[in-house]
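Letter by letter, the chains look like this.
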Amino acid sequence: MGELLYEGKAKKLFSTKDPNVLLVQYKDTATAFNGEKKEVLEGKGALNNKITSYFFDLLAENQIPSHFLERLSTLEQLVKRVTIVPLEVVVRNITAGSFAKRLGLEEGKPLPFPIVEFYYKDDNLGDPLILEDHIYALEITSEDIVSQMKKQALQINKILYEHMEQRGIRLVDFKLEFGLDQNEEVLLADEISPDTCRFWDLKSGDKLDKDRFRRNLGNVIEAYQEIDKRLGGQ
Ligand code: CDP
């Protein structure tokens, strides 16, 4: 294995022999509330590696480029090196989480159209919500890149929403990250997993995502396994 370049809350990043390729290793650590709540959930890393690889393959089949190259092993995948745009892009179909809380709404209400939000990736600030004008005033990235991220996020939402609905799951909301490759191409990066999406069972309404951890609902791994199973995993 190459040199450890970065260790995040849920993944480690290593260099490889190819300067344009990195190795991602998924960890079993679960964190919430900006790292305040932390636990080891055995099997989470393997499930998130598998589920993310599945979604990136599905998106590639639907002409959405990403940094994903291949799943190497239970915990590892190879990705293209990109420079991450320090913005989290959240898409919402149903009211939940911080959106419901901030605006005093009940969770579970369908929105009339998918909402796209940006959060500034800064752990010291707790990843605050940021407006487009702030992004340009602070020169975080360009209008062109923001518009490409928004367009791709909405396309991804459509693909994932329909795919999950056919498997009995409501895609409530999710978070994406994008990066720029050597040619300044905007590429979907990071992960798409029950850590970064809200998935509700269509029939029972059961939460099958990280809210089970955040809200101490129990059976976290069982929920992630259920998502894997709905996607055809064993
Ligand atoms: O999850 P929380 O209620 O704190 O925030 P949210 O803004 O309602 O989160 C919207 C969606 O983005 C959820 O599916 C979260 O799991 C995901 N998210 C994430 O993956 N990483 C973050 N740092 C924040 C949100």
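The protein goes by Phosphoribosylaminoimidazole-succinocarboxamide synthase in an unreviewed UniProt entry, where it is assigned to Shimazuella alba. Of the comments in the UniProt record for the protein, the one headed Pathway (unreviewed entry) reads "Purine metabolism; IMP biosynthesis via de novo pathway; 5-amino-1-(5-phospho-D-ribosyl)imidazole-4-carboxamide from 5-amino-1-(5-phospho-D-ribosyl)imidazole-4-carboxylate: step 1/2."

Caption draft 1: Geometry of the site of the ligand. Close to the ligand lie 16 residues; Arg92, Ser98, Asp173, Arg198 and Arg214 are nearest. One of the side-chain N or O atoms of Glu88 is found 3.1 Å from a nitrogen atom in the ligand. Between the ligand and the protein, one listed contact pairs an oxygen atom with a side-chain N or O atom of Arg92 at 2.7 Å. Across the complex, the protein chains shield 78% of the 510 Å² of accessible surface that the ligand would expose by itself. At the level of elements, strand E9 (87-94), helix H2 (97-103), strand E12 (169-180) and strand E14 (197-201) are the ones that each hand at least two residues to the shell around the ligand. Taken together, the residues of the shell around the ligand break down into five nonpolar, three polar and eight charged.

Caption draft 2: How the structure looks around the side chain of Thr196. Tracing the backbone through its elements, the reader meets Thr196 in the loop between strand E13 (186-189) and E14. If we skip the residues at most four places from it in the chain, Thr196 touches Asp173, Phe174, Lys175 and Glu191.

Caption draft 3: Summary view of helix H4 (residues 143-165). Over its 23 residues, H4 runs 33 Å from end to end, which matches the ideal 33 Å to within 8%, given 1.5 Å per residue. Among the residues of H4, those classed as buried are Ile145, Val146, Met149, Gln152, Ala153, Ile156, Asn157, Ile159, Leu160, His163 and Met164.

Procedures and definitions
Residues numbered from 1 in each chain as written. Predicted model: local features only at pLDDT ≥ 70, side-chain atom pairs only at ≥ 80, totals over all residues. Heavy atoms only, no water. UniProt positions renumbered as here; feature names shortened; annotations may be inferred. Near = heavy atom within 4 Å. Polar contact = N/O pair within 3.5 Å; in protein donor to acceptor, adjacent residues only side chain to side chain. Areas by Shrake-Rupley, 256 points an atom, 1.4 Å probe, with all protein chains shown as cover. Helix = DSSP H or I, 4+ residues; strand = E, 2+ residues; numbered from the N terminus. Nonpolar A, V, L, I, M, F, W, Y, C, P; charged D, E, K, R; others polar. Contact = heavy atoms within 4.5 Å. Expected span 1.5 Å × (residues − 1). Buried < 20%, exposed > 50% of the residue type's maximum accessible area, 1.4 Å probe, protein only.

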